[in-house]
Amino acid sequence: MKIFCIGRNYAKHAEELGNEIPVEPVIFMKPKSALVQGHTPFYYPEFTNDLQYEAELVIRISKNGKYIQEKHAANYYNGISVGIDFTARDIQTQLKEKGLPWEKAKSFDNSAAVGKFIDLTPAINKKDINFSFVKNKEVVQSANSKEMIFSIDKIVSNISNYFSINIGDLIFTGTPAGTGECMVGDVFEAYLEKEEVLSIEIK
Ligand code: ZN
């Protein structure tokens, strides 16, 4: 399975990192070894002093495909959750300054925490899904999928022009504003609408 991630998909987050609003989705990937699911703790990596959380809507691919048109994209995923794109921001900043790839900052072991998936039934309007992220009982990120620069369907279509997508692949759809630092002992919870889908402690 593959984990795709979208960068800069909310205007306010692009602004807070001083990035331009992209004209095409920014795509990067994490390996399978990045995945954390269930109640596994997250251990603060030794190579960074600025580990940050990015809470994001995550979709689960349910059908194999390539060159998918946007109007057909909804047939290729069937679940949605919230995940954390853990980022070593100090390393990422150094790599970006040198024009180097981001993998060391974004694709390390356990850097992709994913919550419980909710089945996407016709009753769920994926263009209008609220999600929120709570750090030590305080809401630090909250957004609605309609604030995305590139919609879920557009993202699936764009990715599939470059990579075949396969059953079980995951797509992190980008973080809204409000990313911030993680400390040992922090407890994070993520909500899709009112339902808790993820809880993780930093050790
Ligand atoms: Zn992200």
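Treat the numbers as computed from the prediction; the structure is a model and nothing was measured.

(A) Local environment of the coordination of the zinc ion. All of the protein donors around the zinc ion are Glu54 (OE), Glu56 (OE) and Asp85 (OD); their distances to the metal are 1.9 to 2.1 Å. Using a relative accessible area of 4% as the deciding quantity, one classes Glu54 as buried.

(B) A look at helix 2 (residues 89–98). If you check which residues of helix 2 are buried, you get Arg89, Ile91, Gln92 and Leu95. Each buried residue of helix 2 lies within a common arc of 155 degrees when the element is viewed along its axis, so the set occupies one face. In this structure, helix 2 carries Glu97 and Lys98 as exposed residues pointing more than 90 degrees from its buried face. Elements that come into contact with the buried residues of helix 2 comprise helix 1 (11–16), strand 4 (51–53), strand 7 (87–88) and helix 3 (103–106). In the stretch just after helix 2, Gly99 is the one whose phi turns positive, near 70 degrees.

(C) Region of interest: empty space enclosed by the protein. A full pass over the atoms with the stated rule returns one cavity of 30 Å³ or more. Counted as a void, the largest cavity has a volume near 110 Å³. What lines the largest cavity is a set of 18 residues, among which Gly7, Arg8, His13, Glu54 and Lys106 lie closest to the centre. Of the residues forming the lining of the largest cavity, the biggest block, three residues, is contributed by helix 2. Of the residues belonging to the lining of the largest cavity, the class tally is four nonpolar, seven polar and seven charged.

(D) Spotlight on the sheet that holds strand 13 (residues 180–181). If you walk across this open sheet you meet the three strands as 7-4-13, and the pairing is antiparallel. The open sheet has two edge strands with one neighbour each: strand 7 and strand 13. Pairing of strand 4 with strand 7, which is carried by two bridges, proceeds in the antiparallel orientation. If you follow Leu51 over to strand 7, its bridge partner there is Ala88.

(E) Looking closely at the packing of aromatic side chains. The full count for this structure, using the stated rule, is seven aromatic pairs. Aromatic pair Phe47 and Phe108: ring centres 5.2 Å apart, planes at 75 degrees, arrangement edge-to-face. Here Phe47, found in the loop between strand 3 (35–37) and strand 4, pairs with Phe108, found in the loop between helix 3 and strand 8 (112–114); they are 61 residues apart in sequence, far enough to count as distant. A ring pair is formed by Phe133 and Phe188, whose centres lie 5.2 Å apart and whose planes are at 10 degrees; its orientation type is stacked.

(F) Examining the state of the cysteines more closely. This structure, assessed with the given rule, holds zero disulfides. Among the cysteines around Cys5, which has no disulfide bond, Cys182 carries the closest sulfur, lying 15 Å off. We classify Cys5 as buried; its relative accessible area is 0%. Judged by its relative accessible area of 1%, Cys182 is buried.

(G) Structural detail: the environment of Ile202. Along the chain, the position of Ile202 falls in the segment after strand 15 (195–201). With relative accessibility at 1%, the residue Ile202 sits in the buried group. Those residues in contact with Ile202 that sit more than four places away from it in its chain are Phe42, Tyr44, Phe86, Cys182, Met183, Val184, Gly185, Asp186 and Phe188.

What counts, and at which threshold
- Starting from 1, residues in each chain are numbered consecutively following that chain's sequence as written.
- Residue-level local features of this predicted model are given only where pLDDT is at least 70; pairs of side-chain atoms are given and counted only at 80 or more, and the full residue set underlies all totals for whole chains, interfaces and linings.
- Side-chain calculation: all heavy atoms of the structure are included, whereas hydrogens and water are not.
- Each metal site is built from N, O and S donor atoms within 2.8 Å (3.2 Å for Na, K and Ca), and since water is not included, such sites may look incomplete.
- Three exposure classes are used, based on accessible area relative to the maximum for each residue type with a 1.4 Å probe and protein chains only: buried under 20%, partly exposed in between, and exposed over 50%.
- By definition, any uninterrupted DSSP run of H or I lasting at least four residues is a helix, any uninterrupted run of E lasting at least two residues is a strand, and each is numbered from the N terminus.
- Each C-beta atom gives one direction from the helix axis, and the arc is the one those directions make.
- We call two residues contacting when some pair of their heavy atoms lies within 4.5 Å.
- A 1.4 Å probe that fits into a set of points on a 1 Å grid over the protein atoms alone but cannot get out defines a cavity; an open set with protein on both sides within 12 Å along at least five of seven lines defines a pocket, and lining residues are those with an atom within 4 Å of a point.
- Grid points are joined across faces, edges and corners, and a volume is the space filled by probe spheres set on the points.
- Asp, Glu, Lys and Arg are counted as charged, while Ala, Val, Leu, Ile, Met, Phe, Trp, Tyr, Cys and Pro are counted as nonpolar; the rest, among them Gly, fall into the polar class.
- The criterion for strand pairing is that DSSP finds at least two bridges linking the strands in question.
- What counts as a ring pair is set by centres within 6.5 Å for rings of Phe, Tyr and Trp (its six-membered ring), and what kind of pair is set by the plane angle: stacked under 30 degrees, edge-to-face over 60, tilted for all other angles.
- Disulfide: a pair of cysteine sulfur atoms within 2.5 Å of each other.

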